[in-house]
Amino acid sequence: MPRKIDPIAIASAIKNGNRLALSRAITLAESTKLEHLELAQEIIHQFEPHQHSKRIAITGIPGVGKSTFIEALGLYLTQLGHKVAILAIDPSSHLSKGSILGDKTRMEELAKNDHAYIRPSATNGNLGGITSRTYEAILLCEAAGYDHILIETVGVGQSETLVNQISDLFIFLQLPGSGDDLQGIKRGIMEMADIIFVNKVDAFQEKLIKDAKVDLARSLQFLPPKKSNWKRKTILGSGLKEKGIIELWETVEKYFAQIQENNYYSENRTLQQSLQAETYILEMIERQTKEKLKCNPINKTSSNAYLMAKEWLKENQN
Ligand code: GDP
């Protein structure tokens, strides 16, 4: 007989700072089993939504220095007395069984810090599921008192759009000399970015770095303004040498002051909640439809797949 999970006991352990309970709840939220998901929701339900947290998305191509940067930023924030949760989303993990984010020892110092909680999150091949599962992980971390949530994704496409739907601020890491041709995926990510952190400046010549800043400023002009009215900022620095981290954080604080002031912070969160509800609806419909398909398999009466689908839907409408 499997042990019964008591959501109220888990919630109270989370409230008391028990990390194991927090990890357990996030695992429940990530499970593909419906009863686990509902348990996770019951746990979340025990908490009031957090009104003052900072949810920050951090992205950039593999090798740009994300984990080094996040470790530097995370350590800085814990020194300021904040509690920091790092949720690393890895869209590659289902493809290779290995993962872009998880294959090396990452953030060793931060992992030892009592005020930091690091959680890699595989997506099980369900990219669409990123938003809901990470959304729940965010709520659970906030319940555990982590009011600074850093959500890391690999800057390769779709996962950024989704993570943008669950964060308040978007930081894009890039290398000097790669900012002047805004096309395709890069343009899409740059449009979402609030702050561009040009990383590894310690390893590049000064002239190249200056040119990079000018080029970036030029290309940013052509992007549509942000709904928050925030003007995108570029910061030069190095995660490895802890350069630019203080300037970055001052900019983050300014950003949050501005979006609290003009109400974008709460408006955006309300909008995100609706999008999240939409995700839940689609998930529920998909689940129900799969169940129905199991009970009433498709009648192979036609040679046309589309007509077969239409016929099945007509027969199985509620
Ligand atoms: P990620 O794949 O984006 O998470 O990148 P990592 O943080 O793992 O860094 C990739 C490589 O770049 C590692 O060898 C780091 O030591 C190095 N690196 C990271 N940040 C910096 C930096 O600011 N300057 C220099 N010179 N190297 C860095």
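What you see is a predicted model, and the numbers here were worked out from it, not measured in a lab.

Chemist: Can you walk me through the packing of aromatic side chains in this structure?
Modeler: Remark: the centre distance and the inter-plane angle together describe each pair of aromatic rings, the angle taken between the planes. Tallied over the entire structure, the rule returns 5 aromatic pairs. Relative to Tyr-146, the ring of Tyr-117 lies with its centre 5.8 Å away and its plane at 40°, an arrangement referred to as tilted. Residue Tyr-117 is located in strand E3 (residues 116-122), and its partner Tyr-146 is located in the loop between helix H7 (129-143) and strand E4 (148-154); the two are separated by 29 residues in the primary sequence. By the burial criterion, Tyr-117 is buried, and Tyr-146 matches it. Between Phe-256 and Tyr-265 the ring centres are 6.3 Å apart and the planes differ by 70°, which places this aromatic pair in the edge-to-face class. Just as Phe-256 is buried, Tyr-265 falls in that class too. Grouping aromatic residues by their ring pairs yields a cluster made of Trp-230, Tyr-255, Phe-256 and Tyr-265. Across the ring face of Phe-256, the terminal group of Lys-54 is positioned such that the distance to the ring centre comes to 5.3 Å. The cationic tip of Lys-233 hangs over the ring face of Trp-230; the distance from NZ or CZ to the ring centre is 4.0 Å.

Chemist: Just checking my understanding: could you explain the site of the ligand for this structure?
Modeler: Residues in close proximity to the ligand total 17 residues, the closest being Gly-63, Lys-66, Thr-68, Asp-202 and Ser-238. Gly-65 places a main-chain nitrogen or oxygen 3.0 Å from an oxygen atom of the ligand. At 3.2 Å, a backbone N or O of Leu-240 approaches an oxygen atom of the ligand. Counted by class, the shell around the ligand contains 5 nonpolar, 7 polar and 5 charged residues.

Reading guide: rules and limits
Residues numbered from 1 in each chain as written. Predicted model: local features only at pLDDT ≥ 70, side-chain atom pairs only at ≥ 80, totals over all residues. Heavy atoms only, no water. Phe/Tyr/Trp six-rings, centres within 6.5 Å; stacked < 30°, edge-to-face > 60°. Helix = DSSP H or I, 4+ residues; strand = E, 2+ residues; numbered from the N terminus. Buried < 20%, exposed > 50% of the residue type's maximum accessible area, 1.4 Å probe, protein only. Lys NZ or Arg CZ within 6 Å of the ring centre and 35° of its normal. Near = heavy atom within 4 Å. Polar contact = N/O pair within 3.5 Å; in protein donor to acceptor, adjacent residues only side chain to side chain. Nonpolar A, V, L, I, M, F, W, Y, C, P; charged D, E, K, R; others polar.

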